[in-house]
Structure formats: structure tokens, C-alpha cells
Amino acid sequence: MAGNAVTRFAPSPTGLLHLGHAYAALVAEREASPGQFLLRIEDIDRDRCRAEYEEAIYEDLAWLGLDWQRPVMRQSDRMAAYRTALVRLAPLTYPCRCRRGDIRAALSAPQEGVLPAGPDGLVYPGTCRTRSLTDAGPDDVIRLDAARAFDALGIDRVGFRDQAIMPGHDHILTRDQFLNGIGDVILSRRGMGTSYHLAVVVDDAAQGITLVTRGKDLFDSTYIHVLLQKLLQLPTPLYHHHRLIRDDAGKRLAKRDDARAIRHYREDGATPQDLRRMLAL
Ligand code: GLU
């Protein structure tokens, strides 16, 4: 597979790119080579995305020595595609009006201590599961009924391969593990018309991505993506979940860690080679 892959780097323009993004982008390019490295701007969260951060992404990546195909896919231009996918999935979805507090309260009732949480937050207790899409309100989110999704597909597990983590071995989650550990994920967030999970699946397929490289923090989300790929009859790419770049205290870098922004290293006179060295690339 390696050598002819189509990979992508998919940042959200919600802040300056930091060292962790530089690592993710450089790994995506390395793993594609001599295939194709694509860029995708994940800007569905209109409240948090800013045009100046998108400009900064292009500048910082070019400074790092990366090149990519234009025009760049931007998720804000892709709402019709997400809508089409939601319509296809409609028989397996329902509107949900629960807020985080409602979900906490419903989950706390039968148990004490740690609430069940997965890659998408608290495992939804199913309060709205019997509601019909026809009475969806403007403030509702749309959730996937995961049990019905497995039943509709006639499968009792989902799995994928990762070329970096136990290569050659299937990473598998059974239906029960999915229902208890992930649950009814959100496919369309309030006021957004999609969610990260739905958009990433639709777009990876539209861009012909054959190898998804991204941080290990998204490893468990991949089970959600594989289920959605099956429901939408899209191919499941190969995955490569890479290490996360941490600060000196061992904490994963976040956009607010401005000190680690690529452009600050650049302003301090560092070269792209210096960054590669720091990232052990
Ligand atoms: N937009 C996501 C992020 O910035 C990327 C997710 C992915 O690569 O699938 O974390």
C-alpha cells in the first residue's frame, strides 16, 4: 500500500498550527510519497473558525515545504454532500433534544461513580431514541441508532487495519462493545448540518483517501467511521494513527498552546529542518 497512497491533512482553522500539526502534516506527506498528499480545511464549526487562521495554515504549511493540490476542499462548501448522506441514513436516525445535563442526569440515575464515556463523550442513554425525524425541532441534534445500524447491516462487529499499530492485524469492536462504549453518535450537530464523524467519512471518500493518517487520540473514533462507511457503502481506507506531540509536562499540545505555534518557531529564526529534527522526522 505504502508508496502510492492518497493521504490528507485535515486541520480546523480555529487557531494557529502548532508542533503537533506540523508532525501530522509531515507524516501525511511522508506516508503518501510518491502518492498524493491532500489538504482539507475542516471548518464546519462556523463559530470557532476564522479566515485568518485558514490563511495561516496555508502559509505555515508552505513554509514547512509542503505542497498540495488546489483548490483545497473546505467542509463549509460541502453541506449538500452531508445533507445527502443524512437523508440516506435517515431510517436509522432520530432527533435528540437532550442537553449535556439531561444526559448526565439520565446516566447517573442507575449508577454511581464514573459515567460511561467513549470517543464521542458520554454514551447516550437513548432517551430520545423512539422519537421520529418528522418531529425534529430546530434545536435538535440528529443521532444514529447504533443498534439498528448493526442490525440493518447484519454484522456483529466492525474493524479496520492500521499500518502503524499492530500492522497486519484487524482492530475489532463487537456490536456490544460499540453500543456500550460509543453508542448513538451525533451525525448532525445543532446549527451545523453535520458532525465531525459524518463529514470526515463523506469527505475522505470524496477525496479518494486510501490512507488516513492522524493522531492516536482519534483511534477509537475510527470504529464510528468504519460503521458509517459501511452504512453509506463507502470504502474503508487503511489507517495510520501516529503518536501525539506532547509538551514538557507530557500534556498533548492544544491550539491554546501558542508558544508551540509553528509561526513562533519561525519568527524565532528556526528553519523547517530544525522543526523536523525536533519532531524526530
Ligand atoms: N480536523 C481534525 C483535527 O483537527 C482532523 C481529524 C482527522 O484527521 O480525521 O483534529
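Residues numbered from 1 in each chain as written. Predicted model: local features only at pLDDT ≥ 70, side-chain atom pairs only at ≥ 80, totals over all residues. Heavy atoms only, no water.

As recorded in an unreviewed UniProt entry, the protein chain goes by the name tRNA glutamyl-Q(34) synthetase GluQRS, listed as coming from Paracoccus lichenicola. UniProt, in the comment section headed Sequence similarities (unreviewed entry), describes the protein chain in these words: "Belongs to the class-I aminoacyl-tRNA synthetase family." (UniProt positions renumbered as here; feature names shortened; annotations may be inferred.)

S.K.: Tell me about the site of the ligand, and name the residues and values.
M.R.: Arg8, Ala10, Ser12, Glu42, Tyr196, Val200, Arg214 and Leu218 make up every residue found near the ligand. In the model, a nitrogen atom of the ligand is placed 2.7 Å from a nitrogen or oxygen of the Ala10 main chain. Here Glu42 contributes a side-chain N or O atom positioned 2.6 Å from a nitrogen atom of the ligand. Computed on the free molecule, the ligand has an accessible area of 300 Å², of which 76% lies beneath the protein chains in the complex. Grouping the amino acids of the shell around the ligand by side-chain chemistry returns 4 nonpolar, 1 polar and 3 charged. (Near = heavy atom within 4 Å. Polar contact = N/O pair within 3.5 Å; in protein donor to acceptor, adjacent residues only side chain to side chain. Areas by Shrake-Rupley, 256 points an atom, 1.4 Å probe, with all protein chains shown as cover. Nonpolar A, V, L, I, M, F, W, Y, C, P; charged D, E, K, R; others polar.)

S.K.: Explain the sheet that holds strand E1 (residues 6–9) residue by residue, including any values.
M.R.: With parallel pairing, 3 strands are arranged side by side in an open sheet as E1-E2-E3. Two strands lie at the open edges of the sheet, namely E1 and strand E3 (73–74), each paired on one side alone. In the sheet, strand E2 (residues 36–41) pairs with E3 via 2 bridges, with the strands oriented parallel. Directly across from Ile41, in E3, lies its bridge partner Arg74. Packing against the sheet, helix H7 (residues 196–206) makes contact with E1, E2 and E3, and its axis sits at approximately 145° to E2. (Pairing = 2+ DSSP bridges. Helix = DSSP H or I, 4+ residues; strand = E, 2+ residues; numbered from the N terminus. Contact = heavy atoms within 4.5 Å. Axes fitted to C-alpha atoms, helices over the stretch in contact; angles between N-to-C directions.)

S.K.: Describe the packing of helix H5 (residues 146–153) against helix H8 (residues 221–231), and please don't skip the residues or the numbers.
M.R.: Where H5 contacts H8, the two axes come as close as 10 Å, and the packing angle between them is 50°. Of the possible angle classes, the one that applies to H5 and H8 is oblique. The handedness of the crossing between H5 and H8 is left-handed. On the side of H5, the interface is formed by Ala149, Phe150 and Leu153, while H8 contributes Leu227, Lys230 and Leu231. Classifying every residue of the contact of H5 with H8 by side-chain character gives 5 nonpolar, no polar and 1 charged. (Parallel < 35°, antiparallel > 145°, perpendicular 65-115°, else oblique. Left-handed = near helix turned anticlockwise from the far one by under 90°.)

S.K.: Explain the environment of Leu133 to me, using residue names and the numbers behind them.
M.R.: The topology assignment puts Leu133 in the loop between strand E6 (121–122) and strand E7 (141–144). Separated by 84 residues in sequence, Leu133 and Cys49 place their C-alpha atoms 29 Å apart. In this structure, Leu133 is in contact with Ala90, Thr93, Tyr94, Pro95 and Ile142, ignoring residues within four places of it in sequence.

S.K.: Got a sec to walk through helix H3 (residues 79–89)? Specific residues and values, please.
M.R.: Burial in H3 covers these residues: Tyr82, Ala85, Leu86 and Leu89. Looking straight down H3, one finds its buried side chains confined to an arc of 100°; they lie on one side. Away from the buried face of H3 by more than 90 degrees, exposed residues Ala80 and Arg83 are located. Along its buried surface, H3 packs onto strand E4 (93–96), E7, strand E10 (186–188), H7 and H8. (Buried < 20%, exposed > 50% of the residue type's maximum accessible area, 1.4 Å probe, protein only. Arc of directions from axis to C-beta.)

S.K.: How would you explain the sheet that holds E7 if you had to name every residue and give the values?
M.R.: Read across the open sheet, the 3 strands follow the order E4-E7-E10; overall the sheet is antiparallel. Each edge of the sheet is formed by a strand with only one pairing partner; in this case those strands are E4 and E10. Between one strand axis and the next, the sheet turns through 45° on average, direction left out of account. Summarising the sheet, E4 and E7 pair through 4 bridges and their orientation is antiparallel.

S.K.: Quick rundown of the UniProt feature "domain: Glutamyl/glutaminyl-tRNA synthetase class Ib catalytic" (unreviewed entry) in the protein chain? Include the residues and the values.
M.R.: In the numbering adopted here, UniProt assigns the feature "domain: Glutamyl/glutaminyl-tRNA synthetase class Ib catalytic" (unreviewed entry) to residues 6–104 and 170–280. The distance separating the terminal C-alpha atoms of residues 6–104 is 41 Å; by composition the span is 43% helix and 16% strand.

S.K.: Residues and numbers for the nonpolar core, please.
M.R.: If you look at the biggest cluster of nonpolar residues, it comprises 37 residues, and the most contacted ones within it are Leu144 and Phe178. For this core, the secondary structure elements donating two or more residues are H3, E7, H5, strand E8 (157–161), H7 and H8. If you tally residues by element for this core, the top one is H8, at 6 residues. Other than its neighbours up to four places away in sequence, Leu144 contacts Leu92, Thr93, Tyr94, Ala149, Asp184, Val185, Leu187, Leu227, Leu228 and Leu231. One finds Tyr23, Ala32, Ile41 and Tyr265 within the second-largest nonpolar core, a separate group that totals 28 residues. (Core = buried A, V, L, I, M, F, W, Y, C linked by side-chain atoms within 4.5 Å.)

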